[in-house]
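Structure at a glance
Read off the chains here:
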Amino acid sequence: ETPRPTLSEHSSPPSFEVVKQRMAIDMANAPTSKANVKSRALFRDGYRCTATGLFDRPSCRNYPEIDAKQQSTGVFRTNTETAHIFSESAQDGDRRQTYGSTAIALLNLLGLGEVVEKILGENVNSLVNVMTMAVDLHQEFDLMNLWFEPVPNEASLLLTFPIESYVILPIPQRNTYKICGPVADEREREAIPTLERVTFRLSPEFEAACGGNSSTSAYLPSPELLTLHAACSRVCHMSGAAQQVDDILRELELSTVMSYDGGSAELLAARLSMVSPRTLDVHG
């Protein structure tokens, strides 16, 4: 008879110390990719949702150190995902294909179609393009019902030449954003309310893994990408495009057969636009 494995023989997650050591080695030797982006984003974000501050539930279960932090702060936990500021639409589900098509179309309309590609190159999974986010908020972010706007300093002095002249201009606080959109406006009625504002920082463990001497701009969400996403989101809501996206998604879920009288032409056109060539080529 084959002996049954004892409880101690079952695999268990490595200790948090081992995770930190492995992460330091991994980041020094391999670029961020689709395979490791979630673990790196969680590690950078302190295993918390960037929009709510809630802790990642599986991480609390796997690592006593994260669980202890969660209990000491009294902040709840939730399931999280890796949210891309701009994603490769075709690799996601239908809902995100629609988001990707709408975002790229708006960028082209604003004359900014090539900016995202220049920032990201061919690596859509770069840490500058991702955030850890609660599952339901990730969906709202993809649908442009949630966005991040830079918070300006109340008064910032900008010198000009000659030195005798100067102007007072609002300069964004470093990596600090106001969370905006319908989801933020309704935070008092949400089961998982968003924070009013957030300052992105590297977790102490992430900084240590980087040797403590790396530029934070290489790892934190890109201000440029967040500004572009915010612009797309605002234009989308001002033009009513957000409601059109929701209507198309609802029709797609209900429609399995196209109409013979041409009544489905608009729906078909929207569906075809999801699989048309994209401005952004981000296969990594």
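Above this text sits the structure in question.
Read on for an overview of the structure. (Residues numbered from 1 in each chain as written. Predicted model: local features only at pLDDT ≥ 70, side-chain atom pairs only at ≥ 80, totals over all residues. Heavy atoms only, no water.)

1. Some remarks on the overall build of the protein
- Along the protein, the regular secondary structure elements total 12 helices and nine strands.
- Taking all 284 residues of the protein together, the buried fraction comes to 40%.
- For the protein, contacts bridging at least 24 residues in sequence account for 65% of all contacts bridging at least 6.
- Just so you have it, the protein exposes about 16100 Å², and 54% of that area is on carbon and sulfur atoms. (Helix = DSSP H or I, 4+ residues; strand = E, 2+ residues; numbered from the N terminus. Buried < 20%, exposed > 50% of the residue type's maximum accessible area, 1.4 Å probe, protein only. Contact = heavy atoms within 4.5 Å. Areas by Shrake-Rupley, 256 points an atom, 1.4 Å probe, with all protein chains shown as cover.)

2. Points about the packing of aromatic side chains
- If you walk through the whole model with that rule in mind, you get nine aromatic pairs.
- When the ring of Phe-16 is compared with that of Tyr-63, the centres are 5.5 Å apart and the planes differ by 45°; the resulting orientation is tilted. Taken together, the positions of Phe-16 in helix H1 (residues 16-29) and Tyr-63 in the loop between helix H3 (57-62) and helix H4 (64-73) put the pair 47 residues apart, joining distant regions of the chain. As far as burial versus exposure is concerned, Phe-16 and Tyr-63 are alike and both buried.
- Summarising the aromatic geometry, the rings of Phe-43 and Tyr-47 are spaced 6.5 Å apart at their centres and angled 75° between planes, so their arrangement reads as edge-to-face. Taken individually, Phe-43 and Tyr-47 each receive the classification buried, so the pair is uniform in this respect. (Phe/Tyr/Trp six-rings, centres within 6.5 Å; stacked < 30°, edge-to-face > 60°.)

3. Quick word on helix H2 (residues 37-44)
- For H2, a buried count of six out of eight residues is recorded, marking the element as mostly surrounded by other parts of the structure.
- Along H2, the residues that are buried comprise Val-37, Arg-40, Ala-41, Leu-42, Phe-43 and Arg-44.
- Positive phi appears at Gly-46, one or two residues downstream of H2, with a value of about 70°.

4. What to know about the pattern of salt bridges
- Tallied over the entire structure, the rule returns six salt bridges.
- Put simply, Glu-17 and Lys-20 hold a salt bridge, and the shortest N to O gap is 2.9 Å. Taken together, the residues Glu-17 and Lys-20, both in helix H1 and three residues apart, mark about one turn of the helix.
- A residue is classified by how much of its surface remains accessible, and Glu-17, at 42% relative accessible area, is partly exposed.
- Assessed through its relative accessible area of 23%, Lys-20 is described here as partly exposed. (Salt bridge = Lys/Arg side-chain N within 4 Å of Asp/Glu carboxyl O.)

5. What to know about the nonpolar core
- Core analysis: the biggest nonpolar cluster contains 51 residues, and Tyr-47, Phe-86, Met-131, Met-133, Phe-141, Phe-148 and Phe-200 have the highest contact counts within it.
- For this core, the element with the most residues is helix H10 (residues 223-239), which contributes five residues.
- Beyond its immediate sequence surroundings of up to four residues, Met-131 is in contact with Arg-44, Asp-45, Thr-50, Glu-81, Thr-82, Ala-83, Ile-85, Phe-141, Phe-148, Phe-200, Pro-221 and Leu-226. (Core = buried A, V, L, I, M, F, W, Y, C linked by side-chain atoms within 4.5 Å.)

6. A look at unusual backbone geometry
- Positive phi, normally seen in glycine, also occurs at Tyr-47, with a value near 60°.
- Looking at the secondary structure, you find Tyr-47 in the loop between H2 and strand S1 (55-56).
- Positive phi is not limited to glycine here, since Met-144 has a value of about 65°.
- Note on placement: Met-144 falls in the loop between helix H7 (135-142) and strand S5 (147-152).
- Of the residues examined, Met-144 reaches a relative accessible area of 2% and is grouped as buried.

7. Considering the packing of H1 against H2
- Between H1 and H2, whose axes approach to 12 Å, the crossing angle comes to 115°. Note that H1 runs across H2; the crossing there is left-handed. The residues of H2 that touch H1, namely those facing Lys-20, Met-23, Asp-26 and Met-27, are Ser-39, Arg-40 and Phe-43. (Axes fitted to C-alpha atoms, helices over the stretch in contact; angles between N-to-C directions. Left-handed = near helix turned anticlockwise from the far one by under 90°.)

8. Topic: the pairing of strand S3 (residues 80-84)
- Across the five residues that make up S3, a large majority, four, are buried.
- As defined by bridge partners, S3 adjoins strand S4 (residues 130-134) across five bridges and the pair is classed as antiparallel. By the bridge assignment, Glu-81 is partnered in S4 with Met-133. (Pairing = 2+ DSSP bridges.)

9. Remarks on the side chain of Gln-70
- Here Gln-70 is to be found in helix H4.
- The exposure class assigned to Gln-70 is buried, which follows from its relative accessible area of 10%.
- Within the structure, the side chain of Gln-70 is placed 2.7 Å from the backbone oxygen of Val-75, a separation counted as a polar contact. (Polar contact = N/O pair within 3.5 Å; in protein donor to acceptor, adjacent residues only side chain to side chain.)

10. Here we look at H4
- For H4, the complete set of buried residues consists of Ile-66, Asp-67 and Gln-70. An end-on view of H4 places all buried positions within 100° of arc, on one side of the element. Away from the buried face of H4 by more than 90 degrees, exposed residues Pro-64 and Ser-72 are located.
- Buried residues in H4 make contact with H1, S1, H3 and strand S2 (77-78).
- In the segment just after H4, Gly-74 is the residue with positive phi, at about 75°. (Arc of directions from axis to C-beta.)

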